[in-house]
Amino acid sequence: MSWGSRKTINMNYFPDEVLEHVFDFITSHKDRNSVSLVCKSWYKIERYSRQRVFIGNCYSISPERLIARFPGLKSLTLKGKPHFADFNLVPYNWGGFVDPWIKALAESRIGLEELKLKRMMVSDDSLELLSKSFVNFKSLVLVSCEGFSTDGLAAIAANCRFLRELDLQENDVDDHRSHWLSCFHESCTSLVSLNFACLRGEINFVALERLVARSPNLKSLKLNRSVPLDTLQKLLIQAPQLVDLGIGSYVHDPYSETYEKLKSAIQRCKSIRSLSGFLEVAPRCMSAIYPICANLTFLNLSYALGLHGNELTKLIQHCRKLQRLWILDCIGDKGLGVVASTCKELQELRVFPSDPYGAENAAVTEEGLVLISAGCPKLNSLLYFCQQMTNAALITVAKNCPNFIRFRLATFDPIKPDPVTNQPLDEGFGAIVQSCKGLKRLSLSGLLTDQVFLYIGMYAEQLEMLSIAFAGDSDKGMLYVLNGCKKLRKLEIRDCPFGNAALLEDVGKYETMRSLWMSSCEVTLGGCKTLAEKMPSLSVEIIDESEQMMDFSFDDRQKVERMYLYRTLVGHRNDAPDCVWIL
Amino acid sequence: MGRATNSSSSSIDSSNHFAFSSTGASSSSSQRDLSTDLRLGLSISTSHPYAREQPSDWPPMKPLFVQALAEEENECNSATFYVKVYMDGIPIGRKLDLLAHESYYDMIRTLEHMFNTNIIWAEAEVDGDHYEKYHVLTYEDKEGDWMMVGDVPWEMFLSAVTRLKITKC
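Residues numbered from 1 in each chain as written. Chains lettered and ligands numbered in written order. Predicted model: local features only at pLDDT ≥ 70, side-chain atom pairs only at ≥ 80, totals over all residues. Heavy atoms only, no water.

S.K.: Looking at this structure, I do not really get the overall build of chain A. What am I missing?
M.R.: A count of helices and strands for chain A gives 21 helices and 23 strands. Overall size of chain A, expressed as C-alpha extent along the three principal axes, is 70 × 70 × 65 Å. Per-residue burial for chain A yields a buried fraction of 58% across its 583 residues. Counted over contacts in chain A with a minimum sequence separation of 6, partners at least 24 positions apart contribute 71%. As displayed, chain A offers around 23,800 Å² of accessible surface, 51% of which is attributable to carbon and sulfur atoms. (Helix = DSSP H or I, 4+ residues; strand = E, 2+ residues; numbered from the N terminus. Buried < 20%, exposed > 50% of the residue type's maximum accessible area, 1.4 Å probe, protein only. Contact = heavy atoms within 4.5 Å. Areas by Shrake-Rupley, 256 points an atom, 1.4 Å probe, with all protein chains shown as cover.)

Okay, structure coming up:
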């Protein structure tokens, strides 16, 4: 900015408190990171005032350095295992242990209030330490974590007197029959959000009812399968202010008194905007839900395996304000047509496979997606498991919906070509990246050649995360992406013919990215060793569960089963198991 | 693993496809075997030189979800639930697997066949002049009460029924 002849105003004449106050308005992590890079004094002010920190790879930095830099830390988000761990490609004991983080934080003077963990190994001991170390601890969110049991939850319940949020999303939790719900103190009345839908075991219904009754601020409640209808009805009567409800079991006799009570309880819940669960459901009982459908903005029926196509469509016809829909593919193409004509505000759609290895006619095809794109112009986020896809459909979708930020497609046969033309899906995905200028995340599927990667490199300027499987013909494919996508942060590749030439062409690129995953590709041990030598700021991990890892009988010319590399400021980790070799 | 060695051209030999997809000439029972193998993570060898191992982890689904799918599958396939069925006037009863049927209509059809009669239940249409030709189908529930069949949803009926009785009108 030019001031012409006027004297330039130097921001550093302002006292620190003023700058700090200005920085208070800057909340996004990216922006705060940018602020800290301006000059030393801004770095200092920013670091003392920072309360929320996001660490996308727990091995990129150490807890000690985190604590040293941000003494005012209140809220921490940590991610552990790479994304492909979700699909069993990473060994159970690979790493991502939260224990050292909690220990270090507990020993420091940090007043931690919120902890959010994704794909990390959590132990009961660390949960107990967490619960006892931070007086003002308010929020624990665990996503896709494992290694802990209901004993750990009991410690959290018992010791965190001001707990507001306990949100367990899709974790693998051992059931020790710990009566953890009974461990919440009678004086604990601060709960705002409680989600235990992923727990497999029984819970104490009376304890749950009493907890809900003394939590006037409760806005989000997600139950597990063990909670029967009778309890649900009582809970809803206690908490008509709920905004977000996850129903566990929904099996009942429509002529019973309980059902009548449930119907009137549901009708009183006028604030519900988000509905999920139905982990167990008797069909033809969904009409009790209709009264709250009109105001729903998020409907998640991805685990409602007992609901069939017709019921799904009938339910959705009542949901005119839906913005996000997660559903099973038994809704069918026609059902998606109903979604398209009903849900004009739809922004996010996820269609999951209900029978991925079974009969073909159970699934959705390109037709359903085209209908959605035509009816829902606000669509910006898609996850679509389908029987087949065509270039023509993708081109139409690209034209109808240029606002995609996330576009993820998975065909049941990962190398299925366009069934109409028998061509690869290069042109279709090319249209998507060309039209959707704001695309940040892309997952490809179907028969794909190097051509699609040429398009991606050329057009996907905002792309941050790319997932590739069974695609491409040669190193050129991977190179198009690495050279073209300037904002790429995460690249994960499996079963592609990309090798050392692609891996080693521009080693500096990986320092601009969070991580690279390559499995079942053509990369050799020698190639990985070369990369590790050239780039000491990267951690290059070879993951191999075969006996060769024990014998160290590897040949440099051998192809590497799985390679995971990431940039790090703290060198190689020291907690890797035997199946992981850090070069 | 690595990819199959086929070129990127449009002519894809159907034998390069996964055995369970597209042209699907295989019968549904062999498809079911394949799917079990896939779920167990076993690779399937075929005789064709260019066919490759089926990926046991495709499509990409989270483990909790895969588990939920498997549980639902087991509930549908493996269970049987036999109940005794008696008809008025016939001391020797029969046994019927309720889980082999998908709905009331399905079950009524089987019973009408088994006992060679017309059956009245909650949704039956009855010809008023010929009552004597009909039998009423009732069931005993877990509380010991005898109820007419067909009032509650099928799944609810399955969880409540202990035996069936066919009585004269």
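S.K.: What exactly am I supposed to notice about the overall build of chain B here?
M.R.: Within chain B one finds 4 helices and 6 strands. Ordered by position from the N terminus, the helices and strands of chain B form the series α-α-β-β-α-β-β-β-α-β. The buried share of chain B, taken over its 169 residues, is 38%. For chain B, the accessible area works out to roughly 9,800 Å², and carbon and sulfur atoms hold 49% of it.

S.K.: What's the story with the pairing of strand β13 (residues 324-328) of chain A in this structure? I'm lost.
M.R.: Across a regular strand the side chains alternate sides, sitting on one face of the sheet and then on the other. Residue and element names in this part refer to chain A. Of all 5 residues that make up β13, 4 are buried, and the element is covered over most of its length. Crossover strand β12 (residues 298-300) to β13 through helix α12 (residues 309-316) is right-handed. Looking at chain direction, β13 and strand β14 (residues 348-352) are connected through 5 bridges and run parallel. Counted as the bridge partner of Ile-327 is Val-351 from β14. (Right-handed = clockwise from strand over helix to strand, strands pointing away. Pairing = 2+ DSSP bridges.)

S.K.: Sorry if this is basic, but what is going on with a negative patch on the surface here?
M.R.: Side chains of Asp-16, Glu-17, Glu-20 and Asp-24 of chain A sit close together on the surface and give a patch of like negative charge. Looking at the element boundaries, Glu-20 of chain A is found in helix α1 (residues 16-24). (Patch = residues over 30% accessible without salt bridge, like charges linked within 9 Å, V, L, I, M, F, W, Y side chains within 5 Å. Salt bridge = Lys/Arg side-chain N within 4 Å of Asp/Glu carboxyl O. Lys, Arg positive; Asp, Glu negative; His and termini not counted. Charge placed at Lys NZ, Arg CZ, Asp CG, Glu CD.)

S.K.: Please explain a nonpolar patch on the surface as it appears in this structure.
M.R.: A grouping of Phe-14, Val-18 and Val-22 of chain A is seen on the molecular surface, where their side chains present a nonpolar patch of about 220 Å² in accessible area. Following the sequence through the fold, Phe-14 of chain A ends up in the segment before α1.

S.K.: Before we go on, may I ask you to explain the packing of helix α17 (residues 450-459) of chain A against helix α18 (residues 475-484) of chain A in this structure?
M.R.: Each pair of packed helices can be summarised by the angle the axes make with each other and by the distance between the axes. All names here are of chain A. Contact pair α17 / α18: the axes reach a minimum separation of 8 Å and the direction vectors enclose 5°. Our classification of the angle between α17 and α18 gives roughly parallel. Side by side, α17 and α18 meet where Asp-450, Phe-453, Leu-454, Ile-456 and Gly-457 of the first sit next to Lys-476, Gly-477, Tyr-480, Val-481 and Gly-484 of the second. Classifying every residue of the contact of α17 with α18 by side-chain character gives 5 nonpolar, 3 polar and 2 charged. (Axes fitted to C-alpha atoms, helices over the stretch in contact; angles between N-to-C directions. Parallel < 35°, antiparallel > 145°, perpendicular 65-115°, else oblique. Nonpolar A, V, L, I, M, F, W, Y, C, P; charged D, E, K, R; others polar.)

S.K.: Is there a simple way to think about unusual backbone geometry in this case?
M.R.: Most peptide bonds take the trans configuration, and most residues that are not glycine carry a negative phi. With omega at 0°, the peptide bond leading from Trp-58 of chain B into Pro-59 of chain B counts as cis. Position of Pro-59 of chain B relative to the elements: it lies in the loop between α1 (28-39) and α2 (63-77). Notably, His-179 of chain A is not glycine yet its phi reads approximately 50°, a positive angle. Along the chain, His-179 of chain A turns up in the loop between β7 (172-174) and β8 (193-195). The phi torsion at Asn-116 of chain B lies on the positive side, around 55°, for a residue other than glycine.

S.K.: Sorry, what's going on with the pattern of salt bridges here?
M.R.: When the charged atoms of two side chains with opposite charge come close together, those side chains can pair. Residues and elements named next belong to chain A. All chains considered together, the criterion is met by 33 salt bridges over all chains. Of the charged contacts in the structure, one is a salt bridge between Arg-52 and Glu-114, with a shortest N-O distance of 3.1 Å. With Arg-52 in strand β1 (residues 52-55) and Glu-114 in strand β3 (residues 114-118), the pair connects residues that are 62 residues apart, well separated along the chain. Judged by relative accessible area, Arg-52 falls into the partly exposed class, the value being 45%. What you see here is one network of salt bridges that share partners, running through Lys-30, Glu-464 and Arg-489.

S.K.: When you look at the nonpolar core in this model, what are you seeing that I'm missing?
M.R.: As a rule of thumb, soluble globular proteins bury nonpolar side chains together. By size, the foremost hydrophobic cluster in this structure holds 207 residues, and its most contacted members are Leu-76, Trp-180, Tyr-250, Ile-289, Phe-407, Ile-456 and Leu-516 of chain A. For Leu-76 of chain A, the contacting residues outside a window of four places in its chain are Val-53, Ile-55, Leu-66, Trp-101, Leu-105, Leu-112, Glu-114, Leu-115 and Lys-116 of chain A. Among the nonpolar cores identified, the runner-up in size contains 23 residues, and Val-85, Tyr-139, Val-149 and Met-156 of chain B belong to it. (Core = buried A, V, L, I, M, F, W, Y, C linked by side-chain atoms within 4.5 Å.)

S.K.: Can you help me understand the packing of helix α5 (residues 99-107) of chain A against helix α6 (residues 124-133) of chain A in this one?
M.R.: Residue and element names in this part refer to chain A. At a closest axis distance of 10 Å, the pairing of α5 and α6 adopts a crossing angle of 20°. Taken together, the axes of α5 and α6 lie roughly parallel to each other. Relative to α6, α5 is oriented so that their crossing is left-handed. Across the interface between the two elements, Asp-99, Ile-102, Lys-103 and Ala-106 from α5 touch Ser-126, Leu-129, Leu-130 and Ser-133 from α6. Residue composition of the contact of α5 with α6, grouped by class: 4 nonpolar, 2 polar and 2 charged. (Left-handed = near helix turned anticlockwise from the far one by under 90°.)

S.K.: Can you help me understand the packing of aromatic side chains in this one?
M.R.: When we look at a pair of aromatic rings, we describe it by the centre distance and by the angle of the planes. Tallied over the entire structure, the rule returns 25 aromatic pairs over all chains. Ring plane angle 55° and centroid distance 6.1 Å describe the contact between Phe-84 of chain A and Phe-87 of chain A, whose orientation is recorded as tilted. Judged by its relative accessible area of 6%, Phe-84 of chain A falls in the buried class. An angle of 85° between the planes, with centres 5.7 Å apart, marks the rings of Tyr-303 of chain A and Phe-65 of chain B as edge-to-face. Pair noted here: Tyr-303 of chain A is in the loop between β12 and α12 and Phe-65 of chain B is in helix α2, and the two residues belong to different chains. Here the two residues Tyr-303 of chain A and Phe-65 of chain B agree in accessibility, since each one is buried. An aromatic cluster of three or more residues is present, and its members are Tyr-59, Phe-84, Phe-87, Trp-94, Trp-517, Tyr-564 and Tyr-566 of chain A. Its guanidinium or amino end placed over the ring of Phe-298 of chain A, Arg-324 of chain A lies 3.9 Å from that ring's centre, counting from NZ or CZ. The aromatic ring of Trp-146 of chain B is capped on one face by Lys-165 of chain B, whose charged end is 4.2 Å from the ring centroid. (Phe/Tyr/Trp six-rings, centres within 6.5 Å; stacked < 30°, edge-to-face > 60°. Lys NZ or Arg CZ within 6 Å of the ring centre and 35° of its normal.)

S.K.: Is there a simple way to explain helix α13 (residues 332-342) of chain A in this structure?
M.R.: At 3.6 residues per turn, the α-helix brings residues three or four places apart onto the same side. Residue and element names in this part refer to chain A. The element α13 is largely enclosed, with a buried count of 9 among its 11 residues. Within the sequence span of α13, burial applies to Gly-332, Asp-333, Gly-335, Leu-336, Gly-337, Val-338, Val-339, Ala-340 and Thr-342. Buried-residue contacts for α13 involve α12, β13, β14, α14 (366-375) and β15 (381-386).

S.K.: I would appreciate a short explanation of the environment of Asp-151 of chain A in the present structure.
M.R.: Residue and element names in this part refer to chain A. Position of Asp-151 among the secondary structure elements: in helix α7 (residues 150-159). If we ignore the near neighbours within four places in the chain, the residues touching Asp-151 are Asp-124, His-176 and Ser-178. Engagement of the side chain of Asp-151 in a polar contact is seen with the side chain of His-176, the distance being 2.9 Å. (Polar contact = N/O pair within 3.5 Å; in protein donor to acceptor, adjacent residues only side chain to side chain.)

S.K.: Please clarify how the side chain of Ser-467 of chain A should be interpreted in this entry.
M.R.: Residue position: Ser-467 of chain A is located in strand β18 (residues 465-469). Not counting chain neighbours up to four residues away, the residues in contact with Ser-467 of chain A comprise Leu-442, Ser-443, Leu-444 and Glu-492 of chain A.

S.K.: Would you mind showing me how to read the environment of Thr-411 of chain A here?
M.R.: Residues and elements named next belong to chain A. Looking at the element boundaries, Thr-411 is found in strand β16 (residues 406-411). Among the residues examined, Thr-411 registers a relative accessible area of 1% and is labelled buried. Sequence separation between Thr-411 and Phe-70 is 341 residues; the distance between their C-alpha atoms is 45 Å. A polar atom in the side chain of Thr-411 sits 2.8 Å from the side chain of Ser-445.

S.K.: Is there a simple way to explain α12 of chain A in this structure?
M.R.: Residues and elements named next belong to chain A. Extensive coverage of α12 is indicated by the burial of 6 of its 8 residues. Of all the residues in α12, the buried ones are Gly-309, Glu-311, Leu-312, Thr-313, Leu-315 and Ile-316. For α12, the elements touching its buried residues are α11 (290-293), β12, β13 and α13.

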